[in-house]
Each structure stands twice: as C-alpha cells, then as structure tokens.
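Analysis of the macromolecular model
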Amino acid sequence: MPYTQEDDEVQNPLRVGLRAETSPEPCAMVVFGGSGDLAHRKLLPALYNLALGAHLPGAFAVVGVSKSEYTDQEFRAEMREAVGKFSRIKPVQEEAWADFAAGLRYCAGSFDDPGTFEKLKAVLDEVDQTRATRGNRLFYLATPPSTFPVILKNLKTAGLINKVGEGPFTRVVIEKPFGHDLHSARALNTLVLEVCDERQVFRIDHYLGKETVQNLLVFRFGNSIFEPIWNRKYVSHVQITAGEELGIEQRGRYYEEAGILRDMIQNHVLQLLCLTAMEPPVAFDADAVRDEKVKVLRALVLMQGPEEVSERVVVGQYRAGSVFGVDVAGYPEEKDVAAGSKTPTFVAMKLLINSWRWDGVPFYVRSGKRMPKRATEIAIHFSELPHSLFGSGATQPNVLVIRVQPEEGITLRFSAKVPGERYRPRSVSMDFRYGTAFGASSPEAYERLLLDALRGDQTLFTRKDEVEAAWRLVDPILRVIEAPEAPAPLPYAAGTWGPPKADQLLARDGRQWRRP
Amino acid sequence: MTAAGAGTGPRTNAPDGPLELAARFEKGIDLAKVRALVAEVREKGGLPAEEVTTLNLVSIHFSQGGYERNRASMEAASALHPARLISLIAEPKKEPAAVVARVAMVRPRGSAHALERIVLTATGAAVRYLESAVTGLLAPEVPLVVLWGGRPEGALLEHAADSADRLIIDSGTRPLATLGTVARLLRRGAPVGDLAWARIFPWQALAADLLDLPNLREHRAHLQGARVTTVGAPGPEAALLAGWFASRVPKAKVEIVAGHAGAAVATAAEARASEPAKRGDEAALPRSEPVCEGDVQELRFEAPPAVFTLRRDKGILVAQVDGDDDGAVLHRVRLPPDAPGRLLALELKLLAGQDEIYVAAVEQAARLLALPAGTAAHPERP
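Below is a short write-up of the structure. (Residues numbered from 1 in each chain as written. Chains lettered and ligands numbered in written order. Predicted model: local features only at pLDDT ≥ 70, side-chain atom pairs only at ≥ 80, totals over all residues. Heavy atoms only, no water.)

Moving on to the sheet that holds strand β5 (residues 170–175) of chain A. Residue and element names in this part refer to chain A. Strand order in the open sheet formed by six strands is β3-β2-β1-β4-β5-β6, and the pairing between neighbours is parallel. In this open sheet, the two edge strands, each paired with only one partner strand, are β3 (104–108) and β6 (201–204). For this sheet, the mean inter-axis angle between neighbouring strands, taken without regard to orientation, is 20°. Judged from the five bridges that link them, strand β4 (residues 137–141) and β5 form a sheet pairing that is parallel. Residue L141 lies in a different strand from β5, and its bridge partner there is I174. (Pairing = 2+ DSSP bridges. Helix = DSSP H or I, 4+ residues; strand = E, 2+ residues; numbered from the N terminus. Axes fitted to C-alpha atoms, helices over the stretch in contact; angles between N-to-C directions.)

Structural data, given as structure tokens:
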C-alpha cells in the first residue's frame, strides 16, 4: 500500500527505547565520477568502512559512472586497490570486501549523453532485482560543478528522480563548491530545485562530518557552565584559524578559479563560525540547527566597497620558503598557475555579528596555504579581569581553544599560583585530547556524512538559504579583490602565518593572533 | 591492619607482553605499595603520570580462567571507553591465604592511550580484603561499572549491584533459568546490563527498521503474534528477544520454539568460554559470532495479512515480508563483526541506571518461561 502520512501517526512499537542504531533503508548509490579522485580516496574507502562496521543496509549497491571504460570486474579491482591504500582500517578484510564488492557495478559513459542514463537505468533496475535495493537511490555528484546541470537534467529526463513521498526515495549529494559566487550559487540552487525538492538535496561540507566539529554542539549545548559566559559580556573576541602546511599540490587549475575565499572561507570557516556563534536550536533536528546557522550568517556585517574591504580583509599569496625544513616553491611557480596570478592563497578577516549576543565582539578568521603547520582551531578569548589583585599584567585572560585538527581537543587556559612564591600567578593549560579520552579511532568525516545521507538526515548538510547567505558575505569581498584594478595579494614566505599586515589587523585592536 | 609486601620485581606475562610488576601480601593488602607499583610501571613505561579515565571497570571472577576469558574484551572495550581496569579474582577454597597484586600498563590494539590494569588475586581467607582494597583503588568521580564473571546470583552480587553504577552480566553464557534471578535483581532496582541483550541488538534493529519502511508502516497497528525459533533448545538470548517483543506489543501472543541444532558449533556457553583462544588472536579477521545451540535462528511476527520473517544466514540477517499488498519484500543486514569487547563497549554506552526496555524484556521473558522469581540471597558459590 502506498505510504500515507496517517501511517506515521501510529508509533513504531519496536523502535521505542531501542539502543541499536537505525540502519539505512535498502539503497543503490550512484557515484558520478566513479573513477575519480574523490571516489578513490574518500567515498569507496568510507563505504567499505561502513560495511565493515555493519552500518550499511544488507541490500546495498554502488554504481560508478564515469567516462573511463571499465568492466564491473575492473572497477572492483580498481576500488579494491583504493580501499587498500586509503581505508583507515588496514589490512583489507577479504571476506567483508568480497561481500561489499559483490554490490559494486560500473556504467561507462559521458554525462552529457542521454544514452548513459538509459544504460544507468537498466543497471539500476537489475540491481533492484539482484541486490533488493527497492528502487531507492542516492546520487552522489563527485564531479566538477560544471557537470551538475547536465547530470541533473539527464537524471530527470531518464525518470530517475522520484518526488518526495511518491514511491522509493531519491536523494542527491552535491560536493562543494556550491557555485562560484552568489549569482551562480542561486542559479545552481534554482536548477537543483527544478529537479529535486530541498528535502532531497544534501550539500556536503566535509568539515561538518568531523567529530570535533560535531562535538562543538555537544560542548556548547550539552554543558551548562559555558553557555552563560558565551556572549559579549564575557568574550572579548574570537579567533578562527584554518591553516595547512600544504600548497595547492596538483590542483593549480582548480585553485586559480577558486582561491582561498571560495575554497575555505565560504564553506568550512563560515560553518565553524556559525557553530560557534549560533543560538541554541529549539531541537536537534536538521531544520532547527540550520535555522540558527542561517541567522548567524544573516547577522554578519557585510563589507561594502574597497575601503571597508581593505580595512577588514588582508589577502596574501605564498612565495618560496621552507616548510618543516624543506624548501618549497612559491605559488607563482606552481603548475597550472597563470603568470601574474592574483589568486589569494591566504586571507585574514575581521568579521562582526550584529546580534544581542555578539555585538562588538570581533571574529577574526584566517585561512591559508603553506602555513607553518596544519592547524584548524577556534579560540574564544575571554575578557580581561576588571581589576587584578596580583598586579597589573600579572594574569592573562582566559582562553578556550577548540582544536578541530589535528590533535582534536579542547584546551582551557587559566591562571594558577606558582608554587612556593607568594601569589605569583602563571597561565596554565588544561588539556582535553579527544583521541585520548575516546581511544578508538574516529570515523572519517565522509563515513558519518554518507551514513547520514543514506538515513536521510540533513542536519550536517548545508541548506539552500545557508549557502546563499554565506555567499552574501563573501561576494562583496571577491568583487573588490578580483577587480582588475585591485592590488596583487601581499606576498608571504611559505612556512609563515601570512603577510605581516594580517598581524596589523589585530594589532590595531590591541590584540595578536594566537600561535596554534 | 598490617601488610607484608614482597615485591617480586618486574616481569612480563609474555615476551612481547606489557611490563607487569607484582607484589604478594600475606596479610591484608598494602594499597600504598600497589599505588607505588602503578607509579613505577608508568615511569618504566615512559608514560605520563596522569591519564584520562572515563570510568572504573571492575571485573569480579572466581578463577584465573574466568578472568582470562574476559581480559581481552575488557581491554578492547576500554579502547573506546578509557577505564581504570581492576580485576578481582577470588578463590576462597585455595590455600594459603594471600593476595597477589599484579600491575601493568596495557595499550589496547588501535588505541592511542595506555590503561592501568590492576589484578588482585586473593586466596583463602584473604578474599575478605578484596572489597575494601578495590574501594581504595577506584578513580574518583567517574562511574563504577562492575563486570560480573560468575553466576549472576548471591549476596556478593547483590552488594555489587548496590554499590555500582552499572553491573554487567552475560546471561547468554548461563542456563535459561538465570533470567528468573536477573528479573528479581531488576525488580529491586539493580542497574543490570547484559551482554546477551547487546547480542540481540541486530535482530531488534532489523525488526524495527522494517516497520519504519514507508510502505510497511501501515502494519504497525496490527502486530499480533510472534515466534522465536532457536538452534536446538532455547537459550537466554531467544528468551530476551521473545520477551522484548512481548513487552513492546502486549497484545501479541509470543512463543519460543526449539529448532534443529544441526547448524550449531557448540553451546553458547562453550563457544563463549573459548573466547580468548578464539578471539585473542587479534590478527584474525573478525567474523560474526558462530551459531551456537540456543541462539536465535528465526524471528517471525505477524500483522495480518503480512508476515515478517527474520532469519540468520551465516553472517547476515535476512528479512522477508510476505502478504503485504506491495508484494514480497526482502531486507538484509550484515551482522556486526565479532570483535573482542564489542558487546561490552555497547553496554558501556550506558553508564548508570537501568535500561527500561531490557527490564521489561526480562520480566516478560521470565513470564513466558514461567521461571520462578529467583532464589533468596546466599553466599556466592561460583
């Protein structure tokens, strides 16, 4: 009998109080870009790890779609190698692999050829019979954004997208970047929503799959002692750093188009900012959490015009230097980088939030390539003491640091008396290390996010209005720094924390960047 | 109380085992000496003086073999729930009266951190010192979970249930009648956890998942009868599964039926008793648990005209739904790998109080089996 909402009114008596996790419904997952880098490095290893932990439905299949000509057997062999290389669980357990691989299929073809989708439909129909996947589909677009429109249109034309509530489910996972600017993001959203309902769209930002990012929600809303001081009355400012020691590797072509603002700020860094600054959601469900994040993005003070941007934003580009004792090339010397490129590889910004909670509290964010080390962290700097009993400058303000990667954890800096001396304070750190407190290795971000997509839980995926609100902040900055007359990004030596002007951004306010 | 300690110096259990220090006490236990051994073993192992501990995991056994059977599981579960591991081995009939303390730092496989492992083996009259000694060795502030390695009965068990935040047993390794005793413990509020309960999670999850499928939700309101078929004579897990269904669907007529024992590799107690030998080899591939006599072979429940059948097929649970107007429906889930400590780690997710669903399931299981409500408290005779 077709599903009706009345059926939901009777509670599932077997679900009540069950401690076992819900396993996803039977499903066939289609990976567009099945022979690509993301499928090799992340998606298939994550799916295999989920299978190993018995998290996947027994009735499950993966169909890879790409131009490369593979047979099913060749695709399985290729993925077996990828899993062996990139899975966090080694060695590959052959029995589990054999079971998982039995559900791997491949469909070769071009995304702009409707014939590919007819072929895909036939494969999926067959999979429904042989793997009992019951017509449920998860389409994963692990392809360049330029291919999204044609894939979505062809999926629709081939009748592969079901409407919500009408028969088996269809979900679509989209990889960032979600557009190139506000205009293209809106166009992409319009296109996606012509084909699917928002409830079927899963825009993936892998930062949200990280345990420590999710822990931020638990830390803030699962403890009663932090929320009362999490506001302008007690917090002087917030610093968010997302740096990595790597350069652009072999991704010169992508990076020339993207730059640091599109690659990191519009998505990952603003997500960290949202989770730090948001109000408690009314419930822990997808829309309630995302509603609060959108409110933060809407409350961000936009920068208008070159003067404001130049006052609050510093962009840089790395030059040759040394990282971890190894000489590395500068950005201009990297492969596929245009001569005289003005693409920024570093940005530091002072952001302000117009809200009762955060009025007057700057959020300094910075992100860059070729930093001295890989470090992503959020540092909440609390206010100075109103009056020091131990002499001027004897105590340092408290700092709470949430380390997202590496060495995930939380550190609280506070003052303690130096033993033996008369009331001489010193700053000490109380350190909580996630990996030590919860010893087992955490699942990869993609494992969590794929499982959520299979379950239909959108909490950790970005919503249409969230993406557009983030672009509303970034767009005016891009317009200024990408204008033909805009000055070139400031050079900084690889292995440093960006150009000196980034330090001045804080020094003007009597502050300095934390050394992660 | 005076304590005569005679440190036996550093030694290891195995050539590649952890550094272990031991001391023997003829009279009482010198806790300062035990703590000094902990500090020494940390120092010699180059470990920091402090370590994160989220719970005290105290296991109680009545033979060295009983301890060895649980050791790998406890250490593996502690990789996920960092614990101070304290194992008590009480052998009152063995002479002479003495306590041997063995202290080691162990690093569970796949874990980033080391754990303190303290084993106190008491023989003869020295058994009476164990309780006060363990109190002095607990990490403060964090929950106390007792893993009970003997028969789930007796005054000592009841005392442990009163002082622990959780008391974990494995009714799956015990005779069916054990559930009557467990029901009585639960009635007096004991925070009992049961590895046998964690063992049937996949059956429960799959049954619940079926009724969450959009086209099968219509059957939720019409659940009637259920039948649990076992491999050979029914065991406690089958009774728990039947009890669970009966408690969730009170109007349903639930029965437990003995099936063929042909597929069984051993009795559950025998198979699980051989755990360390079979599962201690950490390089071995984890497979789903073997099918043992008494295990659940099939769960069948009806919501006319639909019939739901869940059947175990090696490492996979296969569900079939017949009689639905959409036609036959198939659903499969892979059973979780039988890794050491998996069930214990699941039980340790709940660190205080009772699992109300388990309480109701045990109550119904005892009723279905017409079990007496347990025996009166008597001194523990493992």
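We are not done yet, so read on.
Let's shift gears to the sheet that holds strand β13 (residues 375–382) of chain A. Residues and elements named next belong to chain A. The mixed open sheet is built from nine strands, whose spatial order is β16-β15-β14-β13-β7-β12-β11-β8-β17. Pairing within the sheet leaves two strands with one partner each, and these edge strands are β16 (425–433) and β17 (490–493). Neighbour to neighbour, the strand axes of the sheet diverge by 20° on average, direction disregarded. Of the pairings in the sheet, the one linking strand β14 (residues 399–405) to strand β15 (residues 409–417) comprises five bridges and is antiparallel in character. Residue pairing for β15: V401 is matched across the bridge by T411. Packed on one face of the sheet, helix α10 (residues 305–312) meets β8 (313–319) and β11 (346–351) and runs near 65° to β8. (Contact = heavy atoms within 4.5 Å.)

Attention now goes to the interface of chain A and chain B. Of the residues lining the interface, 41 residues belong to chain A; the matching set on chain B comes to 54 residues. Buried area between chain A and chain B, summed over both chains or domains, comes out near 3900 Å², and the portion from carbon and sulfur atoms is 54%. The interface formed by chain A and chain B includes two salt bridges. Salt-bridge contacts for D212 of chain B lead to R15 of chain A; the nearest nitrogen and oxygen are separated by 2.9 Å. Counting across the chain A and chain B interface gives five residue pairs in polar contact (both at pLDDT 80 or more). Counting only elements with at least two residues in the side of chain A that touches chain B, the list comes to α1 (37–52), α3 (94–101) and α11 (434–437) of chain A. (Buried area = accessible area lost by both parts, 1.4 Å probe. Salt bridge = Lys/Arg side-chain N within 4 Å of Asp/Glu carboxyl O. Polar contact = N/O pair within 3.5 Å; in protein donor to acceptor, adjacent residues only side chain to side chain.)

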